[in-house]
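# Summary of the model geometry
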Amino acid sequence: MMVGIAANLALTRPQSVAGIITAAGVGAVGALISDIDVGTSASHKEADKVVGLTVLVVIATIALEYFTNIKLLDKVANDSGTLRIVLGVILFVAVCAFGKEQPHRSFMHSFLALVLLDIAIGLVYVPFVPYFTIGFLSHLATDIFNRRKVRLLYPLKGGVSLNLFHAHGTANNVFFAVGSFVSAAEVGLLLLNR
């Protein structure tokens, strides 16, 4: 999640508090959602954590929107309309429901899932798509360092693995620490340059 937020802030360089909240919130969801499929591998507890963190990010983003009065939800509702939002949410949930039942690092770690989720996000609000994509791709990029192959071209067999780290090892903590530091530095720089 922190790598997704850091990548979003570094690549999109938002110039407002609303932009920072949007980049961080949507980027975090993009970075987390791929691991909704972990319930089909090692443990359902991990999938529950992903869902819980995703919901927490959405709630935090809505709370920040309310307290900072940036009117993001109003803008989404006005620009997209109810039907598009409902269709986007239904598609997003359907893709995630399908992905949750697939083996870990297969469908939900593929470019196909990214395209389908980007379509769903685009139905809800097109400006969210780049943030979600960067978050999602940052997740895939960090996962290819693991020993287990990532099926980027699902449904094709095979995958990519650099076989350098274990998923729950020291590298995880390093990615988290570096992502947190870069995120904090980016927010600080962005706020100073406003």
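In what follows, the accompanying structure is described. Numbering of residues starts from 1 in each chain and follows the order in which that chain's sequence is written. For this predicted model, a pLDDT threshold of at least 70 governs which residues receive local features, and a threshold of 80 or more governs which side-chain atom pairs are given and counted, while totals over whole chains, interfaces and linings are taken from all residues. Hydrogens and water molecules were not included; the side-chain quantities draw on all heavy atoms of the structure.

### Considering the side chain of D143
Which entries qualify depends on this criterion: By definition, any uninterrupted DSSP run of H or I lasting at least four residues is a helix, any uninterrupted run of E lasting at least two residues is a strand, and each is numbered from the N terminus. Each residue is assigned to one of three classes by its accessible area relative to the maximum for its type, calculated with a 1.4 Å probe on protein chains only: buried under 20%, partly exposed between the two thresholds, exposed over 50%. Polar contact is defined as a pair of N or O atoms within 3.5 Å, subject to the rule that within protein one atom must be able to donate a hydrogen and the other to accept it, and that residues adjacent in sequence are counted only when both atoms are side-chain atoms. By definition, residues are in contact when any of their heavy atoms lie within 4.5 Å.
Mapped onto the secondary structure, D143 falls in helix α7 (residues 129–143). Residue class for D143 comes out buried when judged on its relative accessible area of 8%. A polar contact of 2.9 Å, which involves the side chain of D143, links it to the side chain of H109. Non-local contacts of D143, meaning those with residues more than four positions away in its chain, are made with D35, R105, H109, R148 and V150.

### Remarks on the packing of helix α4 (residues 72–80) against helix α5 (residues 82–100)
Put simply, the rule is: To obtain an axis, a line is fitted to C-alpha atoms, over the contacting stretch when the element is a helix, and the angle between two such axes runs from 0 to 180 degrees between their N-to-C directions. The scheme is simple: roughly parallel for angles under 35 degrees, roughly antiparallel for over 145, roughly perpendicular for 65 to 115, oblique for anything else. Residues are grouped as follows: Ala, Val, Leu, Ile, Met, Phe, Trp, Tyr, Cys and Pro are nonpolar; Asp, Glu, Lys and Arg are charged; every other residue, Gly included, is polar.
Where α4 contacts α5, the axes come no closer than 6 Å and their chain directions differ by 105°. Taken as axis vectors, α4 and α5 run roughly perpendicular relative to one another. Residues V76, A77, D79 and S80 of α4 form the contact with α5, whose own contacting residues are T82, R84 and I85. A class-by-class count of the residues in the contact of α4 with α5 yields three nonpolar, two polar and two charged.

### A short note on the nonpolar core
Rules: In this text, buried Ala, Val, Leu, Ile, Met, Phe, Trp, Tyr and Cys residues form a nonpolar core when linked through side-chain atoms within 4.5 Å.
Counting 36 residues, the largest nonpolar core has I33, F92, M108, L117, F132 and F136 as its most contacted members. When residues of this core are traced back to their parent elements, those giving at least two are α1 (2–12), α2 (17–33), α4, α5, α6 (111–124) and α7.

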